[in-house]
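# Structure at a glance
Spelled out from the first residue to the last, the chains are:
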Amino acid sequence: MGTASPKGTLKFNVDGAAKGKPGPVGIGGILRDYMGIFGVEDSNAAELIAIREAFIIFASSRWVQNHALIIESDSLNAVKWVLNPNSTPWRLRKGCFGDVVSPCMDISGDSY
């Protein structure tokens, strides 16, 4: 996906597509460092980080005012931990991840 980023930076490769002019649009991206990775963790941590970052991106977007958010994950563990934060392994609850699973709760206390 293009050229490497300089050491000490992150690169967000993005893509968008439209079906027609104008037409329905989809967007996506991948965030990596200069070595082509986002860090060194296990797959469970990577899934939770991706979910947390999706919430952060959505929360700062213009769509937060009039859209609901659905996040899909292929990780049964991540989904279980988001829906039941008390079951999340301690090392994934705090520390370098901050509070990963609490942003998954809306103001009424319902998980989504």
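Further up the page is the structure itself.
This brings us to helix α1 (residues 43–59). For α1, which comprises 17 residues, the first-to-last C-alpha distance of 24 Å matches the rise-based estimate of 24 Å (1.5 Å per residue) to within 8%. What α1 keeps buried is the set Asn 44, Ala 45, Leu 48, Ile 49, Ile 51, Arg 52, Phe 55 and Phe 58. A distance of 3.1 Å separates the backbone nitrogen of Asn 44 from a side-chain oxygen at the start of α1, and that oxygen is part of Asp 42.

Let us now look at the pattern of salt bridges. If you walk through the whole model with that rule in mind, you get one salt bridge. Between Arg 52 and Glu 53 there is a salt bridge whose closest N-O contact spans 3.1 Å. Judged by relative accessible area, which is 27%, Glu 53 ranks as partly exposed.

Right, let's talk about the packing of α1 against helix α2 (residues 76–83) for a bit. Viewed as axis vectors pointing N to C, α1 and α2 meet at an angle of 55°, and their least axial separation amounts to 9 Å. Regarding the angle of α1 to α2, the classification is oblique. Note on packing geometry: the crossing formed by α1 with α2 is right-handed. Counting all contacts with α1, which are made through Asn 44, Glu 47, Leu 48 and Ile 51, the residues of α2 involved are Asn 77, Ala 78, Trp 81 and Val 82.

Where nonpolar side chains cluster on the molecular surface, the patch consists of Tyr 34, Met 35, Ile 37 and Val 40 and spans about 390 Å² of accessible area. With respect to the helices and strands, the residue Met 35 is situated in the loop between β2 (25–33) and α1.

Turning our eyes to something else, we now look at the environment of Asp 33. Tracing the backbone shows Asp 33 in strand β2. Classification of Asp 33 by relative accessible area gives buried; the value is 18%. Leaving out residues up to four positions away in the same chain, Asp 33 has contacts with Ser 5, Thr 9, Leu 10 and Phe 38.

A separate point is the pairing of β2. Across nine bridges, the pairing between strand β1 (residues 10–18) and β2 is antiparallel. The partner of Asp 15 across the bridge, within β2, is Gly 28. Linkage of β1 to β2, two consecutive antiparallel strands, is achieved through a turn of six residues, within which Gly 20 is found at a positive phi near 105°.

Procedures and definitions
Residues numbered from 1 in each chain as written. Predicted model: local features only at pLDDT ≥ 70, side-chain atom pairs only at ≥ 80, totals over all residues. Heavy atoms only, no water. Helix = DSSP H or I, 4+ residues; strand = E, 2+ residues; numbered from the N terminus. Expected span 1.5 Å × (residues − 1). Buried < 20%, exposed > 50% of the residue type's maximum accessible area, 1.4 Å probe, protein only. Polar contact = N/O pair within 3.5 Å; in protein donor to acceptor, adjacent residues only side chain to side chain. Salt bridge = Lys/Arg side-chain N within 4 Å of Asp/Glu carboxyl O. Axes fitted to C-alpha atoms, helices over the stretch in contact; angles between N-to-C directions. Parallel < 35°, antiparallel > 145°, perpendicular 65-115°, else oblique. Left-handed = near helix turned anticlockwise from the far one by under 90°. Contact = heavy atoms within 4.5 Å. Patch = residues over 30% accessible without salt bridge, like charges linked within 9 Å, V, L, I, M, F, W, Y side chains within 5 Å. Areas by Shrake-Rupley, 256 points an atom, 1.4 Å probe, with all protein chains shown as cover. Pairing = 2+ DSSP bridges.

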